Amino acid sequence: MEPNTILVVLPHPDDEGIIAGTLIQYAKQGAEITYICLTLGEMGRNLGMPPFANRVTLPEIRRQELHACCGIIGIQQVESWGLMDKTVEFEDQELWIQRIMDKMKELKPSLVLTFYPGHGVHPDHDAAGRMTIEAMRRLSPEERPVVHGIAMTAHAKDLLGPADVVHDVTAYVEQKIRAIQAHKSQFQLLIGNGSFEDPKRLAHYRTERLWTYRFDD
Ligand SMILES: [Zn+2]
């Protein structure tokens, strides 16, 4: 059965681009998606290319870009929780674990998407994954949703085995790219010097891999 209620917990506006194809597919299948974006990415070094943001305007610009991106994907609920960008690991973990847990009890998602702890590459990614997994651990096994983690480290396959959730999102790749481009202040940085027409990049965008997190109990 396809998940009908999905909770996404990621730290930065634009992280959702990594799994945009998966989310587009779920949205098309009628899933109700809530996305908690922990920060506004206000410490991002990229201010647009050419620059059109500054330190003062960047948070609001990124909030608007986030909503534009989520609109294209089909995410119905977006929440910005306002944690400090680049320092999620130094926030009061207990407070946010409790908030995430409360959200799970309220929404009762059947699927949670977040970063796989230890494989996020960025400390904020790992912190978001760790807090989300910890919130889930505190639920009883019966009320615990399935969690699919994003693993970005080069050695993820060696440590976790091959991804057990592989989505071919070829059908949604254009929509996915439009969603990523909605992050106007960031996307050139995300794609580097390449373009979206680069065949290698397109091939990369067509497949999204996720790892199911297994709890001990
Ligand atoms: Zn990120």
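If you check an unreviewed UniProt entry, the protein chain appears there as Bacillithiol biosynthesis deacetylase BshB2 from Paenibacillus aquistagni.

### Some remarks on the overall build of the protein chain
Helix and strand counts for the protein chain stand at 8 helices and 7 strands. Principal axes of the C-alpha set define a box for the protein chain whose edges measure 50 × 35 × 35 Å. The buried share of the protein chain, taken over its 217 residues, is 42%. Put simply, 81% of the contacts in the protein chain that link residues at least 6 apart link residues at least 24 apart.

### Regarding the packing of helix H1 (residues 20-28) against helix H6 (residues 173-181)
Two quantities define a packed helix pair, namely the angle between the axes and the distance from one axis to the other. Two numbers describe how H1 lies on H6: the axes approach to 9 Å, and their chain directions differ by 115°. Along this stretch, H1 crosses H6, giving a crossing that reads as right-handed. Residues Ala 20, Gly 21 and Ile 24 of H1 touch H6, and the partners they reach there are Val 173, Gln 175, Lys 176, Ala 179 and Ile 180. Looking at side-chain class alone, the contact of H1 with H6 contains 5 nonpolar, 2 polar and 1 charged residues.

### Examining the sheet that holds strand E3 (residues 77-83)
With respect to topology, 7 strands assemble into an open sheet ordered E3-E2-E1-E4-E5-E7-E6, the strand pairing being mixed. In this open sheet, the two edge strands, each paired with only one partner strand, are E3 and strand E6 (165-168). Neighbour to neighbour, the strand axes of the sheet diverge by 25° on average, direction disregarded. Taken together, the 5 bridges between strand E4 (residues 111-115) and strand E5 (residues 146-150) define a ladder with parallel strand orientation. Residue Leu 111 lies in a different strand from E5, and its bridge partner there is Val 146. Running at roughly 165° to strand E1 (residues 5-10), helix H3 (residues 93-107) makes contact with E1 and strand E2 (32-39) of the sheet.

### Comments concerning unusual backbone geometry
Here the residue pair Met 49 and Pro 50 is connected by a cis peptide bond, since its omega of 0° sits within 30 degrees of zero. Its location among the elements puts Pro 50 in the loop between E2 and helix H2 (58-73). A positive phi angle, near 45°, is found at Lys 108, a position not held by glycine. By the element assignment, Lys 108 lies in the loop between H3 and E4. Looking at Lys 108, the number of C-beta atoms within 10 Å reads 10, which means it is exposed.

### Some remarks on the pairing of E1
Along any regular strand, the residues point their side chains to alternate faces of the sheet. In terms of burial, E1 is a largely internal element, 5 of the 6 residues being buried. Sheet topology places E1 next to E2; 6 bridges connect them, and they run parallel. Along E2, the bridge assignment pairs Val 8 with Tyr 35. Each parallel crossover has a hand, and the one from E1 via H1 to E2 is right-handed.

### Some remarks on the environment of Tyr 205
Examined against the element boundaries, Tyr 205 turns out to sit in helix H8 (residues 199-206). The spacing of Tyr 205 and Ala 53 is 152 residues in sequence and 28 Å in space, taken between C-alpha atoms. Ignoring sequence-local partners within four residues, the contact set of Tyr 205 consists of Val 173, Lys 176 and Ile 177.

### A look at the pairing of E3
Where E2 lies against E3, 5 bridges are found, and the strand directions are parallel. The residue bridging Thr 39 from the neighbouring strand is Leu 83, located in E3. With H2 bridging E2 and its parallel neighbour E3, the resulting β-α-β unit is right-handed.

### Some details on the nonpolar core
Within the largest apolar cluster, 53 residues are counted, with the highest numbers of intra-cluster contacts made by Val 8, Val 9, Leu 23, Ile 33, Tyr 35, Ile 73 and Ala 128. Sorting elements by how many residues they give to this core places helix H4 (residues 123-137) first, with 6 residues. For Ile 33, the residues in contact, after removing those within four places along its chain, are Ile 6, Val 8, Leu 23, Tyr 26, Ala 27, Ile 75 and Gln 76.

Rules of the game
- Residues numbered from 1 in each chain as written.
- Predicted model: local features only at pLDDT ≥ 70, side-chain atom pairs only at ≥ 80, totals over all residues.
- Helix = DSSP H or I, 4+ residues; strand = E, 2+ residues; numbered from the N terminus.
- Buried ≥ 20, exposed ≤ 12 C-beta atoms within 10 Å, placed from the backbone.
- Contact = placed C-beta atoms within 7 Å.
- Axes fitted to C-alpha atoms, helices over the stretch in contact; angles between N-to-C directions.
- Left-handed = near helix turned anticlockwise from the far one by under 90°.
- Nonpolar A, V, L, I, M, F, W, Y, C, P; charged D, E, K, R; others polar.
- Pairing = 2+ DSSP bridges.
- Right-handed = clockwise from strand over helix to strand, strands pointing away.
- Core = buried A, V, L, I, M, F, W, Y, C linked by C-beta atoms within 7 Å.

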